Amino acid sequence: MSIQVYSLKDSLLYFLPILLMIIVPVIIWLVWNVKTGRYTNMDVSNRVQRKTLYIFIAACVVTYLIFHYIKNGSIDFVMLFILILLFALQISNFFIKSSMHTAFNVFVAALFFAINWKMGLLWLGIASLVGVTRIILKRHTVKEVFMGAGIAIVVSFIYLYCNIQFQH
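Residues numbered from 1 in each chain as written. Predicted model: local features only at pLDDT ≥ 70, side-chain atom pairs only at ≥ 80, totals over all residues. Heavy atoms only, no water.

J.: Could you give me a rundown of the pattern of salt bridges, with the residues and numbers involved?
T.: Within the structure shown, the criterion is met by 2 salt bridges. Its salt-bridge partner being Asp43, residue Arg134 comes within 3.2 Å of it at the nearest N-O pair. Here Arg134 is found in helix H6 (residues 117–136), whereas its partner Asp43 is found in the loop between helix H2 (8–35) and helix H3 (47–72), with 91 residues between them in sequence. As a salt-bridge pair, Arg139 and Asp43 come within 2.6 Å of each other at their nearest N and O atoms. One end of the pair, Arg139, is in the loop between H6 and helix H7 (142–167); the other, Asp43, is in the loop between H2 and H3, with 96 residues separating them in the sequence. On the basis of relative accessibility, which here comes to 30%, the residue Arg139 falls in the partly exposed class. The structure contains a network of salt bridges with shared partners spanning Asp43, Arg134 and Arg139. (Salt bridge = Lys/Arg side-chain N within 4 Å of Asp/Glu carboxyl O. Helix = DSSP H or I, 4+ residues; strand = E, 2+ residues; numbered from the N terminus. Buried < 20%, exposed > 50% of the residue type's maximum accessible area, 1.4 Å probe, protein only.)

As structure tokens, this is what we get:
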């Protein structure tokens, strides 16, 4: 989507730090913890095991936010809200294991909605399918999927509201 607004070079310069500071380290963390037996599976279905995953992802996102601020003199608003979503999911994890897959896909739908409402609706459909598959695969209950979606809807609404306020 960013290539529609920015050049390929600018899009890559924005994405590469995210890839190298968040995505790749999280993948390595997951694989390492599964191989060493600390996590039972790549989904980190166990609520107790999820705590370290949340902390690691948050540390990666905070590292990226600091890097982005030093490099650009501004806060990456999207990543800030991903961090807020992550904290909300961590808090909910004390009470119920919320579906992180569903939550992040609902938030991505909000990101697309801010750019193009049709893409937002399309991704919301994808998020719904993700939620259904989490139930079919028996990784989550219906309640856990709705909890993840509900948390993401609240965070997404706040993101969209703030995004509109900052544009005017």
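J.: So what's going on with the side chain of Gln49? Which residues, and what values?
T.: Relative to the assigned elements, Gln49 resides in helix H3. Of the polar contacts made by the side chain of Gln49, one reaches the backbone oxygen of Arg38; its length is 3.4 Å. For Gln49, the side chain forms a polar contact with the main-chain nitrogen of Thr40, separated by 3.1 Å. Gln49 has contacts with Arg38, Tyr39, Thr40 and Val44, leaving out every residue within four places of it along the chain. (Polar contact = N/O pair within 3.5 Å; in protein donor to acceptor, adjacent residues only side chain to side chain. Contact = heavy atoms within 4.5 Å.)

J.: Any details on the layout of surface pockets? Residues and values, ideally.
T.: A volume near 1,800 Å³ is recorded for the largest pocket. Surrounding the largest pocket, 45 residues form its lining, Ile18, Val78, Met79, Ile82 and Leu111 being those nearest its centre. If you list the elements that add at least two residues to the lining of the largest pocket, you get helix H1 (2–5), H2, H3, helix H4 (77–93), helix H5 (100–115) and H7. Top contributing element to the lining of the largest pocket by residue count: H2, with 12 residues. Partitioned by chemical class, the residues of the lining of the largest pocket number 33 nonpolar, 8 polar and 4 charged. (1 Å grid on protein atoms, 1.4 Å probe; cavity = no way out; pocket = protein on both sides within 12 Å on 5 of 7 lines; lining within 4 Å. Points joined across faces, edges and corners; volume = space filled by probe spheres on them. Nonpolar A, V, L, I, M, F, W, Y, C, P; charged D, E, K, R; others polar.)

J.: Can you lay out the packing of aromatic side chains for me, pointing to particular residues and giving the numbers?
T.: All told, the structure shown has 8 aromatic pairs when counted by the stated rule. Arranged with centres 5.0 Å apart and planes meeting at 65°, the rings of Phe77 and Phe81 form a pair that is edge-to-face. Of this pair, Phe77 and Phe81 both sit in helix H4, 4 residues apart, which is roughly one turn of the helix. Judged by its relative accessible area of 23%, Phe77 falls in the partly exposed class. Their ring planes at 65° and their centres at 5.6 Å tell us that Phe107 and Tyr159 sit as a pair that is edge-to-face. Taken as a pair, Phe107 in helix H5 and Tyr159 in helix H7 lie far apart in primary sequence, 52 residues in all. Under the relative-accessibility criterion, Phe107 is labelled buried at 1%. Pairwise contacts between aromatic rings join Phe77, Phe81, Phe107, Tyr159 and Phe166 into one cluster. (Phe/Tyr/Trp six-rings, centres within 6.5 Å; stacked < 30°, edge-to-face > 60°.)

None of this, on its own, says anything about what the molecule does.
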